[in-house]
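Fold and geometry: a report
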Amino acid sequence: MDFRADQIERYSRHILLQDIGVEGQEKISNGKVLVIGAGGLGAPVLLYLAAAGVGRLGVIDGDVVDVSNLQRQVIHFTPDVGKPKVLSAKEKIEQINPDVEVVAYHEFFTADNAFDLISGYDFIVDGTDNFPVKFLINDACVLGGKPFSHGGILRFEGQTLTHLPGTACYRCAFHSPPPPNAVPTCSQAGVLGAIAGMLGTIQAAEALKFLTGTGDLLTNRLLSFQAKSMHFRTVTIRKNPHCPVCGEHPVITGLHEAEQAACELKKR
Amino acid sequence: MSKIRVNGEEQEITLPLSLGELIKQNDVSQPNMVSIQVNGAFVFREKYDETSVNEGDEVDFLYFMGGGC
Ligand SMILES: [Zn+2]
């Protein structure tokens, strides 16, 4: 890939980095990342990956922009209320960086479309807001052999883990979704807007590290933070031999629609 | 008194103690809200009451966080 003069200029701060350079920027520019959810986490992930010049950015979300989203979903602006989130996101990405090819899917991520969707991408980012879909993304990526970043936020807290084929997965640590309503969602319990930015930018950095092969990913480690005390902690997560999807005797060998998904989505 | 570490911080406990009791002592109102590792190994939710805590154990409460939107 030959960069034009304006691209060399645009990406100069990446090119200057010893660990990235022109070669790393080429990898970013040839990279394909799917962001599931164009909400609180998806917004910063998409903004930073667009600015970084990721070659193809897929974004999937079946929702439209609601006024209550604007407190944290920084890719959507006030005039976007009522517009499909994926269209609102696509418009911003194209303004930030016309080099990026945006593929907008105005639908939800389901057991039926999961494998098809992830197959066209190098790295997947979970920016969803409910457990059934988080577990579905995990299962699809583990079974489909795709690297992905898990992210979750609530109130003043966030957590994230990166999975590569062969490393611990989300189920290794969390096994199965908690009973419905045992754990409140952001729409029930609230979330400090900036928390979405704190966690989403970590996920974006992981995606860029993955594409460029830079540094150590958050594999076999769960990073969590509590912003009230600004305490960050990383816990080692081992690949769990009893994991239902990646363990020694997996019981999950295909994808199934989570029953809870529909009602969770309606509540948003 | 015996010493263990809970989420990286030292805690003094009186043995014998089950994981289920440790959860209560740590004010985890709903055990459903956490996933637990003892010395880096995942413990099934159904086994909290029959799993005993030992001197020097490293216990991690990993909280479910489902938000993102
Ligand atoms: Zn696993």
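As a starting point, this report considers the structure included with it. (Residues numbered from 1 in each chain as written. Chains lettered and ligands numbered in written order. Predicted model: local features only at pLDDT ≥ 70, side-chain atom pairs only at ≥ 80, totals over all residues. Heavy atoms only, no water.)

Focus: the interface of chain B and chain A
Selection rule: In what follows, residue pairs with any heavy atoms lying within 4.5 Å of each other are defined as contacts. When two parts are put together, the accessible area they lose, computed with a 1.4 Å probe and summed over both, is reported as buried area. A pair is scored as a salt bridge if a Lys or Arg side-chain nitrogen falls within 4 Å of a carboxyl oxygen belonging to Asp or Glu. Counted as a polar contact is a pair of N or O atoms within 3.5 Å, where, for protein atoms, one must be capable of donating a hydrogen and the other of accepting one, and residues adjacent in sequence contribute only when both atoms are in side chains. Secondary structure counts use DSSP, requiring at least four H or I residues in a row for a helix and at least two E residues in a row for a strand, with both numbered from the N terminus. Under the grouping applied here, Gly and all other residues not named as nonpolar or charged are polar, the nonpolar ones being Ala, Val, Leu, Ile, Met, Phe, Trp, Tyr, Cys and Pro and the charged ones Asp, Glu, Lys and Arg.
Facing the 21 residues of chain B at the interface are 42 residues of chain A. For the pairing of chain B and chain A, the buried interface totals around 2400 Å² over both sides, and the portion due to carbon and sulfur atoms is 58%. Our count for the chain B to chain A interface comes out at one salt bridge. B:Asp60 serves as the salt-bridge partner of A:Arg233, at 2.7 Å between the closest nitrogen and oxygen. In this assembly, chain B and chain A are joined by eight residue pairs in polar contact (both at pLDDT 80 or more). Those elements that provide at least two residues to the side of chain B that touches chain A are β3 (34–38) and β5 (58–63) of chain B. Looking at the side of chain B that touches chain A residue by residue, the class counts come to eight nonpolar, 11 polar and two charged.

Overview of the coordination of the zinc ion
All names here are of chain A. We count it as follows: A donor here means an N, O or S atom no more than 2.8 Å from the metal, or no more than 3.2 Å when the metal is Na, K or Ca. Since water is not included, a site may seem to lack partners. When four donors show all angles between 85 and 135 degrees the site is tetrahedral, when four or six donors have opposite pairs over 155 degrees and all other angles between 65 and 115 it is square planar or octahedral respectively, and in every other case it is irregular. Accessibility here uses a 1.4 Å probe with only protein chains present; expressed as a share of the type maximum, an area under 20% marks a residue as buried, one over 50% as exposed, and anything in between as partly exposed.
Each protein donor to the zinc ion is listed here as Cys-169 (SG), Cys-172 (SG), Cys-243 (SG) and Cys-246 (SG); together their distances run 2.3 Å. The coordination sphere of the zinc ion comprises four donor atoms, whose angles at the metal cover 93 to 120 degrees; the geometry is tetrahedral. Written as a sequence motif, the donor arrangement for the zinc ion is C-x2-C-x70-C-x2-C. Of this pair, Cys-169 sits in the loop between β6 (157–163) and α8 (170–174) while Cys-243 sits in the loop between β8 (231–236) and α11 (261–267), and the two are 74 residues apart along the sequence. A single burial state applies to Cys-169 and to Cys-243, both of which are buried.

Concerning the sheet that holds β3(B)
All names here are of chain B. Formally: Two strands pair under a simple rule: DSSP has to find at least two bridges between them. Axes here refer to lines fitted to C-alpha atoms; in helices the fit is confined to the stretch in contact. Angles between the N-to-C directions go from 0 to 180 degrees.
Strand order in the open sheet formed by five strands is β2-β1-β5-β3-β4, with mixed pairing between adjacent strands. Edge positions in the sheet fall to β2 (9–13) and β4 (41–43), since each has one partner strand and no second. Looking at each pair of strands side by side, their axes are set apart by 35 degrees on average, direction ignored. Relative to β5, β3 runs antiparallel, the two being bridged by five bridges. Its bridge partner being in β5, Ser-35 is matched across the sheet by Leu-62.

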